[in-house]
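Here are the chains, one letter per residue:
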Amino acid sequence: MSFVSGLLQPVLTPAHFISLLGLGLVAGRTVVSAQVQTLAAFACGLVGGLCAIAWGIGETPANDVLVAMAGLCGLIAATGISVSVWFAAPVALVSGAALGFDSPPDAILLREAMLMLIGTACGGIAALTAIGTAASALSRPWHGIATRVTGSWIAAIAILVLALRWT
Amino acid sequence: MVAVGLWGAVLGPPAIWLLPVAFPLIMALGGVLGIAAVPIPRVEVGIAISAIVLGLMVALAVRAPLAVAVAVVSAFAIFHGHAHGAELPPGADAIAFSAGFVIATGLLHVCGIGLGLATRWPAGWLAVRLVGAAIAGAGVIFLRAALWS
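What you see is a predicted model, and the numbers here were worked out from it, not measured in a lab. (Residues numbered from 1 in each chain as written. Chains lettered and ligands numbered in written order. Predicted model: local features only at pLDDT ≥ 70, side-chain atom pairs only at ≥ 80, totals over all residues. Heavy atoms only, no water.)

Asker: Would you explain the state of the cysteines in this entry?
Answerer: For the structure shown, the criterion picks out zero disulfides over all chains. Cys51 of chain A provides the cysteine sulfur closest to Cys122 of chain A, a residue in no disulfide bond, and the two sulfurs are 13 Å apart. (Disulfide = S-S within 2.5 Å.)

Written as structure tokens, this is what we have:
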């Protein structure tokens, strides 16, 4: 059960989901090799962040960083520009790490907590793969419009969330 | 919000998608001003005028240049965003409020664009212009209420 809870956390936590959605939209507009590298960077960041959580790192501003990364990805998706792997991979690395830092397990038992962390890693990587693959398969003109509109929504949500937290 | 989508549909590509992309972004900046309690005078009047102006744009099928259309919509988006940001209920969940606010706005744009697709047919074209006139009429009512409050 803990594994499933962790697996679903990236898609059921709103801040995590908009971050994955934004990053997936950006990654989906890159070439296939860049998509793989971006996904690998995200996976490295996510596993690193989750390991830090497992070692008992304290509270971090990871959620704010994650929302800021979502906003950045949303803006890129809204403008419709294609970015290089040199931009997408570092953004994915930071997003993955922030998602990991922001996913402390709510289980008390060590085994349950570890299962939840492993589930979060699998869920985050699977969700980003699915969103990126879906985004790269979008080829019709209205798909591009939908991508841009979704990007603008993500960016607007991120701007408002950060404003609400910082004021 | 519906008028933004309708006007985009009346103007055609690229305005049909550029207006709904620009509006939430500028509205969010207006929301930041509202959250930060930066005063904007007569916000309710601005919102009422936005309904009148955008409704008239649709009713009269004004084919403004793209830059002008984006500028008009962006200016009004500031008022809408400020009103929502300033009226945020205390203790509201940041991400739930923001997501609800933005997605509701976006879906109203989508409704407007959907209605605006009826401009392909002569009867639909007339219906869209009538909807624009109705929005402008509602804006006049809002303006009276805003000026008297």
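Asker: Would you explain the nonpolar core in this entry?
Answerer: Nonpolar side chains tend toward joint burial in soluble globular proteins. Membership of the largest hydrophobic core comes to 54 residues, with the highest contact counts inside it found for Ile157 of chain A together with Trp7, Leu19, Leu54 and Val73 of chain B. Beyond its immediate sequence surroundings of up to four residues, Val73 of chain B is in contact with Val4, Trp7, Leu19, Phe23 and Leu54 of chain B. If you look at the next biggest cluster of nonpolar residues, it comprises 27 residues, including Ala34, Cys73, Val91 and Leu117 of chain A. (Core = buried A, V, L, I, M, F, W, Y, C linked by side-chain atoms within 4.5 Å. Buried < 20%, exposed > 50% of the residue type's maximum accessible area, 1.4 Å probe, protein only. Contact = heavy atoms within 4.5 Å.)

Asker: Looking at this model, I keep getting lost on the packing of aromatic side chains. Mind explaining?
Answerer: In this description, an aromatic ring pair is defined by two values, namely the gap between the centres and the angle between the planes. Residue and element names in this part refer to chain B. Applying the stated criterion across every chain, the model contains one aromatic pair over all chains. Considering the side-chain rings of Phe97 and Phe101, the 5.6 Å spacing of their centres and the 40° angle between planes classify their relative orientation as tilted. One end of the pair, Phe97, and the other, Phe101, are both in helix α5 (residues 94-116), four residues apart, so they sit about a helical turn from each other. (Phe/Tyr/Trp six-rings, centres within 6.5 Å; stacked < 30°, edge-to-face > 60°. Helix = DSSP H or I, 4+ residues; strand = E, 2+ residues; numbered from the N terminus.)

Asker: How do you make sense of the packing of helix α1 (residues 2-12) of chain A against helix α6 (residues 110-136) of chain A when you look at a structure like this?
Answerer: Two packed helices can be described by the angle between their axes and the distance between those axes. Residue and element names in this part refer to chain A. One way to put it is that α1 packs onto α6 with a least axis distance of 6 Å and a crossing angle of 35°. Where α1 crosses over α6, the handedness of that crossing is right-handed. Contacts between α1 and α6 involve Ser2, Phe3, Ser5, Gly6, Leu7, Gln9, Pro10 and Val11 from the first element and Glu112, Leu115, Met116, Ile118, Gly119, Thr120, Cys122, Gly123, Gly124 and Ala127 from the second. Its residues assigned to classes, the contact of α1 with α6 shows nine nonpolar, eight polar and one charged. (Axes fitted to C-alpha atoms, helices over the stretch in contact; angles between N-to-C directions. Left-handed = near helix turned anticlockwise from the far one by under 90°. Nonpolar A, V, L, I, M, F, W, Y, C, P; charged D, E, K, R; others polar.)

Asker: When you look at the confidence of the model for chain B in this model, what are you seeing that I'm missing?
Answerer: Low pLDDT means the predicted coordinates in that region are not meant to be read closely. Residues and elements named next belong to chain B. Taken as a whole, chain B shows an average pLDDT of 89; of its residues, 100% reach a score of 70 or greater. Confidence, expressed as mean pLDDT per element, reaches its minimum in chain B at α5 with 87 and its maximum at helix α3 (residues 43-59) with 93. Predicted complex metrics record ipTM = 0.86 and pTM = 0.89. (pLDDT = per-residue confidence, 0-100.)

Asker: Would you mind showing me how to read the layout of surface pockets here?
Answerer: Over the atoms rolls a probe the size of a water molecule, and in doing so it shows where empty space is left. The calculated volume of the largest pocket comes to roughly 330 Å³. Taken together, 15 residues line the largest pocket, and the ones lying closest to its centre are Ile145 and Val149 of chain A together with Ile16, Val110 and Ile113 of chain B. Those elements giving two or more residues to the lining of the largest pocket turn out to be α7 (141-166) of chain A together with α2 (15-35) and α5 of chain B. Its residues placed into classes, the lining of the largest pocket shows 11 nonpolar, three polar and one charged. Computed from the structure, the second largest pocket encloses a volume of approximately 240 Å³. Considering the residues around the second largest pocket, the lining is formed by 15 residues, among which Met1, Ile47, Ser50, Ala51 and His80 of chain B are closest to the centre. Elements with a minimum of two residues in the lining of the second largest pocket: α1 (2-11), α3, α4 (66-86) and α6 (122-148) of chain B. When its residues are assigned to classes, the lining of the second largest pocket shows 12 nonpolar, three polar and no charged. (1 Å grid on protein atoms, 1.4 Å probe; cavity = no way out; pocket = protein on both sides within 12 Å on 5 of 7 lines; lining within 4 Å. Points joined across faces, edges and corners; volume = space filled by probe spheres on them.)

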